[in-house]
Amino acid sequence: MSLEHLDETQAAPPSGGRATNARQRSRRGLVVAAVAVVLFGSSGSVWWIASQARTPEQRASNAVAPPPSQITGKVSDQQLVEKMELTGKVETASRTTITGVQPQGTSRAVVTALPAAAGKSLKAGAVVAEVSGRPVLLLPGRFPAYRDLKAGDKGPDVQQLQRALQPLYGTAVNGTYGPATVEAVRKLYGAAGYEAPAGQGQSTTGGGASSAGTARGGEASAGGGTAPRGGAETDGGTGAAPGTGGASGTGGAGGAGGASAPPARGPDTPPASAAGPAKPGELLPAAELAYVSALPATVVQVAAAVGDAADKPLVVLGSGGRQVRAALSADQRTQLRDLPADAVIRFGTGPYEGREGTLGSLHSPSDGKSGDQQGKSGGQDGAATAGTAGAGAGTGSGGGAGGAGGQQHEALFVPTGAEAKEGSTQQISVELRRSPKGALTVPVSAVWTDLGGSSTVTVTEGGKERNIPVEVLFTHEGLSAVRALDENLAVGQTLVLVRRGSPAGGSDSGSDSGSGGTDD
């Protein structure tokens, strides 16, 4: 072995020594960790034992009940008012559907003009629609036209026509279709831009009006004319589709819907055939008149278009003032049904804000079409025409539009003041009940009620308490309206609401106590 190889062998440390050193360092780390855990656990145990240690004085102090304490409130003279808040829509009180009439001798009636747009306000004499070149003229009336009128006719329908024409042309109301009425009818057509139809088969240039026309159902009237013409009929505001019998005249004027009535002639008026040449205005076809309960009327819906067949709903008109329709729950309907006669109804946000109104009627799914009438709706004349109707569907007085009233509970409120735009949103506040004069208001938790149903409040003054029996009138939103029965209860007195440690009378102890009044 060389000297260099010997030196390298002596310089290299033995591998067994390195492993021994590593094991020694690991054992030292484990010992240090174990010592730390033991010290920490000992410190925690000492702290817990110290925290649980109590002197006898401390234990006695913790065993004593806390001093009596009270939560109090005040008696006030605030008037307690329970209200119902609703949201409704403004609508007209009466709706009338105008439906076209098929001219005789033709396969159909055709809509040739619709000058009345939705939302437009119409006055007496306005043209609602034009059917086969002939106008449908609007007039105020309680029942629909049920026959064609000719010179010499008499009857309630003549009187209704004369009443409608009187404000326009000073027509006398005598029930006879005489020369003055003929002249007023001629002026009515002229103001609308049409020539009035003439009698005795004399067709005018206005677009094919027949000499005698037809009755409402399309049957020939007593004059016998059968020439084609246009026109329309109304549902009379009853909600029934025209021509089904639901729009017959009222007050003895109607007869069966669609049936022709022979004209009544006055003894002093000769038949038109003996009166010489026919004159414009001597004939007034029923299909060219549309009566509504009140004017002006608003066009609620235009249901047809120019060029359509006219034997269907053309226009829906609203008239007779305004009402507000609001949806109700079953409980709300019951509350409104029992509403006191002097209850106050005020309108909030909306076109009638700040004004008062009345409850017109109530409706529920089980009511059918009639509803529960609560009062007379403003703007209605009490006639059969004073109902609401959708296009071919609706109800009687104060009823639902478009049949909506049959699907949910509803209330109709009648506002005071000027008319508002149909469809406007309106808030309604209904006062259900109000605490009477002399009643006091206390927090509901101040009323203590025993098992027998007797109620008291506890007044505390100068550290003394006294119980005062009271009658609870009603409770609303955490307050009770009460009346003292045998002792005076004054505004500003302090009442015990909740107490701890020593309830009223000192009969109980140890827990919070309190009681609330009940809603009677």
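For the structure, see preceding data.
Quick caveat, the model's predicted, so the values are computed rather than measured.

Visitor: Would you explain the overall build of the protein in this entry?
Guide: Looking only at helices and strands, the protein has six helices and 27 strands in total. Among the 520 residues that make up the protein, the fraction classed as buried is 42%. When contacts within the protein are restricted to residue pairs at least 6 apart in sequence, long-range pairs at least 24 apart make up 71% of them. If you sum the accessible surface of the protein, you get close to 25,000 Å²; carbon and sulfur atoms cover 54% of it.

Visitor: So what exactly am I meant to see when it comes to unusual backbone geometry here?
Guide: Backbone geometry follows two general trends: most residues other than glycine have a negative phi, and most peptide bonds adopt the trans configuration. For the bond from Leu295 to Pro296, the omega torsion is 5°, close enough to zero to count as cis. On the secondary structure map, Pro296 appears in the loop between strand S12 (289-292) and strand S13 (297-302). Positive phi outside glycine occurs at Ser132, with the angle close to 50°. By the secondary structure assignment, Ser132 is in the loop between strand S5 (127-131) and strand S6 (134-140). Of the residues examined, Ser132 reaches a relative accessible area of 23% and is grouped as partly exposed. The phi dihedral of Glu477 is positive, around 55°, even though this residue is not glycine. Secondary-structure assignment places Glu477 in the loop between strand S25 (464-476) and strand S26 (479-484).

Visitor: Help me understand a nonpolar patch on the surface, please; the structure alone is not making it clear to me.
Guide: Together, Val31, Val35 and Leu39 make up a nonpolar patch on the protein surface, roughly 280 Å² of accessible area in all. On the basis of relative accessibility, which here comes to 45%, the residue Val35 falls in the partly exposed class.

Visitor: Help me understand the sheet that holds strand S3 (residues 111-113) in this model?
Guide: Sheet strands pair by backbone hydrogen bonding; their relative direction is either parallel or antiparallel. Pairing is mixed across the open sheet formed by four strands, whose spatial order is S3-S5-S6-S12. The open sheet is flanked by S3 and S12, the only strands paired with a single partner. Neighbour to neighbour, the strand axes of the sheet diverge by 35° on average, direction disregarded. As paired strands, S3 and S5 are joined by two bridges and run antiparallel to one another. For Ala113, the partnering residue across the bridge sits in S5 and is Glu130. Against the sheet, helix H5 (residues 179-192) contacts S5 and S6, and its axis sits at roughly 115° relative to S6.

Visitor: What should I look at first to understand a positive patch on the surface in this one?
Guide: The grouping of Arg23, Arg25, Arg27 and Arg28 at the surface amounts to a positive patch. Within the secondary structure layout, Arg28 lies in helix H2 (residues 15-52).

Visitor: How should the pattern of salt bridges be read in this particular structure?
Guide: Charged atoms that come close allow side chains of opposite charge to pair. Tallying each qualifying case throughout the model produces 13 salt bridges. With a shortest N-O distance of 3.9 Å, Arg466 and Glu461 are connected by a salt bridge. Overall, Arg466 belongs to the partly exposed group, its relative accessible area being 28%. Note on Glu461: relative accessible area 43%, which makes it partly exposed. A single network of salt bridges, built from pairs that share partners, joins Glu91, Arg325 and Glu410.

Basis of the calculations
- Residues numbered from 1 in each chain as written.
- Predicted model: local features only at pLDDT ≥ 70, side-chain atom pairs only at ≥ 80, totals over all residues.
- Heavy atoms only, no water.
- Helix = DSSP H or I, 4+ residues; strand = E, 2+ residues; numbered from the N terminus.
- Buried < 20%, exposed > 50% of the residue type's maximum accessible area, 1.4 Å probe, protein only.
- Contact = heavy atoms within 4.5 Å.
- Areas by Shrake-Rupley, 256 points an atom, 1.4 Å probe, with all protein chains shown as cover.
- Patch = residues over 30% accessible without salt bridge, like charges linked within 9 Å, V, L, I, M, F, W, Y side chains within 5 Å.
- Salt bridge = Lys/Arg side-chain N within 4 Å of Asp/Glu carboxyl O.
- Pairing = 2+ DSSP bridges.
- Axes fitted to C-alpha atoms, helices over the stretch in contact; angles between N-to-C directions.
- Lys, Arg positive; Asp, Glu negative; His and termini not counted.
- Charge placed at Lys NZ, Arg CZ, Asp CG, Glu CD.

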